[in-house]
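# Coordinate analysis (summary)
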Amino acid sequence: MRTVVLIAIFLMSAIVFPANAYDFVVAKDGSGDFKTVQEAINAVPDFRKNTTTILIKNGIYKEKLVLAASKTNVSFIGEDLHKTILTYDDFASKKNRFGEEVGTTGSTSFFIFGDGFTAENITFENSAGPVGQAVAVRIDGDKVAFKNCRFLGFQDTLYPHGDKSHQYYKNCYIEGTVDFIFGWSTAVFEHCTIFCKDHGYVTAPSTSEDTPYGFVFLNCTITGSAGEATFYLGRPWRPNGKSVFINCKLDELIKPEAWHNWNDPNKEKNGIFC
């Protein structure tokens, strides 16, 4: 357990949020440099070593966003947590123009492939509703951090996907139903509120065998609107899935047994849940 805490401290110290000096301003009313968030992303020079800071003014920005791998060290600063909303409404069973289902990954509202991305005071949302898998944010970039952000959705809200990705979440709010924090990445959640809706599983880690740490929750509150004993803390999506909750407050909605093996006892051999 001490080792898990040390890796969490390392991640927290390795990620620095920029000062409030803005390179670009996004405003829906045309008062900034761009009216859409994607336009501002596209304007960032490829593989920039210095941070590009983008202020996003209040508004609901309905855009399917992609931060390409070439857009490194980009920082989003929202004007107001509850009024700066980046949203889209795709879902896994939705059909594309060829009549094919877009799938879980294709449902994503915001793809983050660039390294060094940070965000503050922003709401990230998939507004499709309770229609199956519908991802708000998928993260593949390394050294990605969120502070004072919200992640809203139902099933599969937050997708820390990249198996070499390291992420840090501080004072964030994450809500959902089934497997709403899931994926391969190493991610530390500190002083976050995890809000459980209806019934389901908080986490579904799929940590790779050669990745020592999966999801680490430090001093978080696990709460929600779900009934008593309706949620598991997690189930291992892959045999080595790892989720650790340290000094967290658990409401009565968490089942006494806490963990589910996804009907496969072999997944209990290497995964770590505590």
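A brief structural summary. Remember, it's a predicted structure, so these values are computed and weren't measured experimentally.

## Details of the pattern of salt bridges
Side chains that carry opposite charge are capable of pairing whenever their charged atoms lie near each other. Inspection of the entire model under this criterion finds 10 salt bridges. The closest approach of N and O atoms between Asp89 and Lys62, which form a salt bridge, is 3.0 Å. Of this pair, Asp89 sits in the loop between β6 (84–88) and α3 (103–106) while Lys62 sits in strand β3 (residues 59–62), and the two are 27 residues apart along the sequence. Exposure remark for Asp89: the relative accessible area of 24% places this residue in the partly exposed category.

## Considerations on the packing of aromatic side chains
For the structure on display, the rule yields 24 aromatic pairs. Relative to Phe146, the ring of Phe124 lies with its centre 5.7 Å away and its plane at 85°, an arrangement referred to as edge-to-face. Taken together, the positions of Phe124 in strand β9 (residues 123–126) and Phe146 in strand β11 (residues 144–147) put the pair 22 residues apart, joining distant regions of the chain. Between Tyr169 and Phe189 the ring centres are 4.5 Å apart and the planes differ by 15°, which places this aromatic pair in the stacked class. With Tyr169 in strand β14 (residues 166–170) and Phe189 in strand β17 (residues 186–190), this residue pair connects regions lying 20 residues apart in the sequence. With relative accessibility at 0%, the residue Tyr169 sits in the buried group. Among the aromatic residues, ring-to-ring pairing joins Phe76, Phe110, Phe117, Phe124, Phe146, Phe151, Tyr169, Phe189, Phe215, Phe217, Phe245 and Trp259 into one connected group. When the ring centre of Tyr61 is taken as origin, the NZ or CZ atom of Lys28, which lies over that ring, is 5.3 Å away. In this structure, Lys197 is placed above the aromatic ring of Phe154, and the distance from its NZ or CZ to the ring centre is 3.5 Å.

Basis of the calculations
- Residues numbered from 1 in each chain as written.
- Predicted model: local features only at pLDDT ≥ 70, side-chain atom pairs only at ≥ 80, totals over all residues.
- Heavy atoms only, no water.
- Salt bridge = Lys/Arg side-chain N within 4 Å of Asp/Glu carboxyl O.
- Helix = DSSP H or I, 4+ residues; strand = E, 2+ residues; numbered from the N terminus.
- Buried < 20%, exposed > 50% of the residue type's maximum accessible area, 1.4 Å probe, protein only.
- Phe/Tyr/Trp six-rings, centres within 6.5 Å; stacked < 30°, edge-to-face > 60°.
- Lys NZ or Arg CZ within 6 Å of the ring centre and 35° of its normal.

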